[in-house]
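Working through the structure, step by step
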Amino acid sequence: APGAGGAASTGGSMARGDMEERLGTLLIDSVGPTLRPFARKVLAPGTRLARQCRSQFPRLAAHLGFRESEDLGLAQSTWTAEEVEAHAAEVRACRDRVLSSDLTKVLANFTQ
């Protein structure tokens, strides 16, 4: 019956949407606390990377605190060079944890 195929397709897209939502939340929960302070201090809202993040990953951009602006200037930072290096090391460690996690394997299979 034609209606049954449509229902299955709708159910499949709803399941995919639910999975995307859950994976997105897991990813944000994994990287957000580490990236947020660093991203806001290092990336001006008008930079290409910040704009691309806002357009392609709006939830992540909102979580990181990227504001809608074309301003290329950074807010004044009170971090010392040692603090910047410590935060950068945290970001690299976070990247390594995410890349070695099961979440990354699930995402890789999910996108194929």
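Residues numbered from 1 in each chain as written. Predicted model: local features only at pLDDT ≥ 70, side-chain atom pairs only at ≥ 80, totals over all residues. Heavy atoms only, no water.

With respect to the helices and strands, Thr 34 occurs in helix 1 (residues 2-42). Thr 34 has contacts with Glu 90, Val 91, Cys 94 and Arg 97, leaving out every residue within four places of it along the chain. (Helix = DSSP H or I, 4+ residues; strand = E, 2+ residues; numbered from the N terminus. Contact = heavy atoms within 4.5 Å.)

This part is about helix 2 (residues 48-56). Within helix 2 the residues assigned to the buried category are Ala 50, Cys 53 and Arg 54. End-on, the buried residues of helix 2 take up no more than an arc of 100 degrees, which puts them together on one face. Residues of helix 2 that are exposed and point more than 90 degrees away from the buried face comprise Arg 48, Leu 49 and Ser 55. The secondary structure elements touched by the buried residues of helix 2 are helix 3 (58-64). (Buried < 20%, exposed > 50% of the residue type's maximum accessible area, 1.4 Å probe, protein only. Arc of directions from axis to C-beta.)

This part is about the pattern of salt bridges. Should their charged atoms come close, side chains of opposite charge can pair. This structure, assessed with the given rule, holds four salt bridges. Put simply, Arg 59 and Glu 21 hold a salt bridge, and the shortest N to O gap is 3.3 Å. With a gap of 38 residues between them, Arg 59 in helix 3 and Glu 21 in helix 1 connect regions that are remote in the sequence. When its relative accessible area of 43% is taken as the criterion, Glu 21 is described as partly exposed. A salt bridge links Glu 85 to Arg 92; its shortest N-O distance comes to 2.9 Å. On the accessibility criterion, Arg 92 (37% relative accessible area) is partly exposed. (Salt bridge = Lys/Arg side-chain N within 4 Å of Asp/Glu carboxyl O.)

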